[in-house]
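Working through the structure, step by step
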Protein chains: 2
Amino acid sequence: MSFKIQEVDGGVCAPAGFTASGIHCGLRKNKDKKDLALIMSSVPCAAAGVFTQNLVKGAPVVVTKQHIADGTAQAIVCNSGNANTCNDDGIRVANEMCALVAAKSGIPEENVIVASTGVIGQKLDIKPIADGMDELFAGLGDNALDAEMAIMTTDTVPKLVAAEFELGGKVCRIGGIAKGVGMVCPNMATNLIFLTTDAAISSEMLQKALSADVQTSFNMVSVDGDQSTNDTCCILASGLAGNAEICEKNADYRNFCKALNYCTVNLSKKIAKDGEGASKLIQCAVTGAKSLKAAKVVAKSVIKSSLVKAAMFGSDANWGRVLCAIGYAGVDVDPLKVDVSFRSCKGEIPVCVQGYGIEFSEEKAKEILLEDEIEILVNLNSGAYKATAFGCDLTYEYVRINGDYRS
Amino acid sequence: MSFKIQEVDGGVCAPAGFTASGIHCGLRKNKDKKDLALIMSSVPCAAAGVFTQNLVKGAPVVVTKQHIADGTAQAIVCNSGNANTCNDDGIRVANEMCALVAAKSGIPEENVIVASTGVIGQKLDIKPIADGMDELFAGLGDNALDAEMAIMTTDTVPKLVAAEFELGGKVCRIGGIAKGVGMVCPNMATNLIFLTTDAAISSEMLQKALSADVQTSFNMVSVDGDQSTNDTCCILASGLAGNAEICEKNADYRNFCKALNYCTVNLSKKIAKDGEGASKLIQCAVTGAKSLKAAKVVAKSVIKSSLVKAAMFGSDANWGRVLCAIGYAGVDVDPLKVDVSFRSCKGEIPVCVQGYGIEFSEEKAKEILLEDEIEILVNLNSGAYKATAFGCDLTYEYVRINGDYRS
């Protein structure tokens, strides 16, 4: 019998034991934009996280790594509007955010995960956060969307996911919220992703599941090739579903990983499609690679190419740029074996066979590429490995958004 | 006495023995756009070249590598409008271009360098080139600008350089023309650069000089991070200046290298400043690095960051993005030692000291960044190595140009 995964509503609040809240505390000038989020579990949770590999790390990343080192956490607090990065008082402020949540909830400060997103290098004022604590806690409930709205920056659509599945006859759920959408080219994590589950799983196995998962989900996303200083992906497991705790790589673990990947790939696509200024989700699916690494490197090279991204914006079947990006990816590829097709809901059109262009209908290609979800299919015809990368097109809007982000 | 380099007019025709021509032969629809260039030497020359590292190589790159393998060449023929890349008849067509020049000039086919630039994956029709040979040769003269106009694609300004210097009391010259301006992130060479000199130098030393030179000039340029399939940088040395032939790494060799670097850095800046859609030349000068490699990698990481480029377009002193790009460059850097300043003809403003932001006048920063030549100064304070990378801002115009390049 195949393992069934069912999408459900509720985001991070879908799993048993979790509530969320999101408010405007005043870090942002626009009063209609929420800027402070809280996710709480009713019980201490197994916790795991993956973080930016950037040598310049936000202060919240440093503090959160310390706090989940023991595999336990119970709350996540996150502000937008300021990344609390490259500030000489950053660690102190991040610790204060945790202390405020601890004081209000009665849980230990070390069980609070903290994250911040926004501009780098401007001091984060703790006062609006302290002043907002009462309202933040008062808002706790089935409010994943509020929390999501509070962590969004240049995101244009909220990104929530939740899925239901069974482990040993017990109904379990995983939920998540995410923010993108610029400075997105994660390595071991992406911007901010908070996941919850009521499945019972040890913190050790939870970390293994998450670390493996991001290799095919968030780490395969690129919006602009810039790796953020604050990338954080954390998951809390309340255990309230009542399944037999997963403590080894058994069938339940593998099914949990499938459900987790369902949620993370869903959020990955949402992040890519909502990439700053993006008008389209672009997926590059590489098959026939000699190694998994080669498949991943080629897929990301194509998805990151500014020229490919601009061609997709223009719905231009300029496959030469795809070949070019494969050629400079830095892995051993035989260009004379490469096939390329473009695909969308309007059909699929081969444009390059064994490294050379073939005759194709420009009209049909245009029809396919005018859609808002495009797949670039690359067969290297040299092995059995495959990988898919998630990206977006490059548009006027990306330039506009980033030309004067701080004002 | 210090070595003197004097800029002169004439581009590739400035050195003794060289003539050039550029015509419209019909590869491009627009009759006002030249599309075929020829550079001829009156005598056989020592020749050297560096080429794209992209695994997908244009057919002209393959043919030219064969033709200069013996260190001798006498002519360069180049078309724009079509890259003759990823075509199953590409090698045959590239050879035919050389044969046409050989037949008309009487020099051996193997002494002709061939290059092509333009769209990838569309067959190159030899007929307009064959039909244009008479006009092309009739136009030979002091016409470096015509040749330059014929190799330009999305370039908006012609890029020529020539410099005069003395070796052993003899007046020598180096001249060059270049095209950019998209798909520019060279490795061992950049798009198309043709250099000439009348200095007498062995082909072996000429290759050494060129290979070393591009490490600090063209290889430090990035417009969009895309490495072309057709990157070619060739130099011909006629020896007509009458200096004692350079056959070893002596003082004359070192002075020749200085003059060469003067010309190549000049062209590098011109390529960067005219990057597709660019409104500004951005230089990132890294000092205090632990190694030369670290200095170069950090400088290129900053110059390639889409977010830094967009901030420069908006004249926004968003130095956090510079720190971020340093952090993910992939080399060992201590973020807490990094100083960053912005500089232009309007002055210099420090914005980050030892990894943390400092108070600065946004007004003064804006004034500095509104200029069209900006330097981002990064001191890693960890060693004695330095490097400078050349790039440009990211603009609406880049997206427009590349959204539908083929139509």
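All of these numbers come straight from a predicted model, not from anything done at the bench.

1. Notes on the interface of chain A and chain B
Counting residues at the interface gives 54 residues for chain A, matched by 54 residues for chain B. Between chain A and chain B lies a buried interface of about 4300 Å² when both sides are counted; carbon and sulfur atoms form 59% of it. Our count for the contact surface shared by chain A and chain B stands at zero salt bridges. Listed by contribution, the elements that provide at least two residues to the side of chain A that touches chain B are α8 (306-313), α9 (320-327), β13 (356-357), α10 (362-369) and α11 (396-403) of chain A. Ranked by the residues each element gives to the side of chain A that touches chain B, the list is headed by α11 of chain A, at six residues. For the side of chain A that touches chain B, the residue count by class is 24 nonpolar, 18 polar and 12 charged.

2. Side note on the relation of the copies chain A and chain B
Overlaying chain A with chain B gives an RMSD of 0.0 Å, the required rotation being 180 degrees about an axis along which the chain moves by 0.0 Å. Such a combination of rotation and displacement between the chain copies is what one expects of a two-fold axis. Residues of chain A ranked by C-alpha distance from the rotation axis are headed by Tyr396 of chain A, positioned 2.4 Å from it. The overlap is high: 100% of the interface residues of chain A also sit at the interface in chain B, so the same surface is used on both sides.

3. Section: the environment of Ala75 of chain A
Residue and element names in this part refer to chain A. Along the chain, the position of Ala75 falls in strand β4 (residues 72-82). For Ala75, a relative accessible area of 0% translates into the label buried. Distance from Ala75 to Leu38, taken between C-alpha atoms, is 7.1 Å for residues 37 residues apart in sequence. With residues up to four places along the chain from it excluded, the contact list for Ala75 reads Ile39, Met40, Val101, Ile107, Asn111, Val112, Ile113 and Leu236.

4. Focus on the sheet that holds strand β15 (residues 385-392) of chain B
Residues and elements named next belong to chain B. A sheet is described by the order of its strands in space; here six strands give the open sequence β13-β12-β11-β14-β10-β15, paired in mixed fashion. In this open sheet, the two edge strands, each paired with only one partner strand, are β13 (356-357) and β15. Strand direction decides the pairing type here: strand β11 (residues 339-344) and strand β12 (residues 347-353), joined by five bridges, are antiparallel. Considered in β12, the bridge of Ser341 is made with Pro350. Contacting β11, β12 and β14 (373-379), helix α11 (residues 362-369) crosses the sheet at an angle of about 125 degrees to β12.

5. Describing the pattern of salt bridges
One pass over the full model with this rule turns up 32 salt bridges over all chains. The closest approach of N and O atoms between Lys159 of chain B and Asp274 of chain B, which form a salt bridge, is 2.6 Å. With Lys159 of chain B in strand β6 (residues 159-167) and Asp274 of chain B in the loop between α7 (251-273) and β10 (281-289), this pair connects stretches of sequence that are 115 residues apart. Each of Asp89, Arg92 and Glu96 of chain A takes part in a single network of salt bridges with overlapping partners.

6. Some words on the packing of α8 of chain A against helix α12 (residues 396-403) of chain B
Where α8 of chain A contacts α12 of chain B, the axes come no closer than 7 Å and their chain directions differ by 70 degrees. Classified by the interaxial angle, the pair formed by α8 of chain A and α12 of chain B is roughly perpendicular. On α12 of chain B, the residues touching Ser306, Leu307, Ala310, Ala311 and Phe313 of chain A of α8 of chain A are Tyr398, Val399, Asn402 and Gly403 of chain B. In terms of residue class, the contact of α8 of chain A with α12 of chain B is made up of six nonpolar, three polar and no charged.

7. Let's talk about the nonpolar core
Residue and element names in this part refer to chain B. Grouped together as the largest cluster of nonpolar side chains are 82 residues, with contacts concentrated most on Phe256, Val322, Ile326, Phe342, Ile376, Val378 and Leu380. With 10 residues, the single largest contributor to this core is α7. Not counting residues within four places of it along the chain, the set of residues in contact with Ile376 comprises Ile282, Gln283, Cys284, Ala285, Val302, Val308, Met312, Val322, Val340, Ser341 and Phe342.

The rules we used
Sequence order as written defines residue numbering, which begins from 1 separately in each chain. To read the labels, note that chains go from A and ligands from 1, taken in the order they are written. In keeping with the predicted nature of the model, local features appear solely for residues at pLDDT of at least 70, side-chain atom pairs appear and are counted solely at 80 or more, and the whole-chain, interface and lining totals rest on all residues. Side-chain measures here rest on the full set of heavy atoms in the structure, leaving out hydrogens and waters. Note on contacts: a residue pair qualifies if any of its non-hydrogen atoms lie within 4.5 Å across the two residues. Buried area, as used here, totals the accessible surface that two parts lose on assembly, with accessibility defined by a 1.4 Å probe and the loss added over both. The term salt bridge refers to a side-chain nitrogen of Lys or Arg lying within 4 Å of a carboxyl oxygen of Asp or Glu. Runs of E in the DSSP output that reach at least two residues are strands. Runs of H or I that reach at least four are helices, and both are numbered from the N terminus. Any residue that is not Ala, Val, Leu, Ile, Met, Phe, Trp, Tyr, Cys, Pro, Asp, Glu, Lys or Arg is counted as polar, Gly included; the first ten are nonpolar and the last four charged. Copies overlap after least-squares fitting; the atoms used are the C-alpha atoms of residues with pLDDT of at least 70 in both. Summary of the burial criterion: residues with accessible area below 20% of their type's maximum are buried, those above 50% are exposed, and those between are partly exposed, where the area comes from a 1.4 Å probe applied to protein chains only. Here, strands pair whenever DSSP counts at least two bridges between them. Angles here are taken between N-to-C directions and fall from 0 to 180 degrees, while the axes themselves are lines fitted to C-alpha atoms, restricted in helices to the stretch in contact. Oblique is the label for any angle not covered by the other classes, which are roughly parallel (under 35 degrees), roughly antiparallel (over 145) and roughly perpendicular (65 to 115). The criterion is simple. A nonpolar core is a set of buried Ala, Val, Leu, Ile, Met, Phe, Trp, Tyr and Cys residues joined through side-chain atoms within 4.5 Å.

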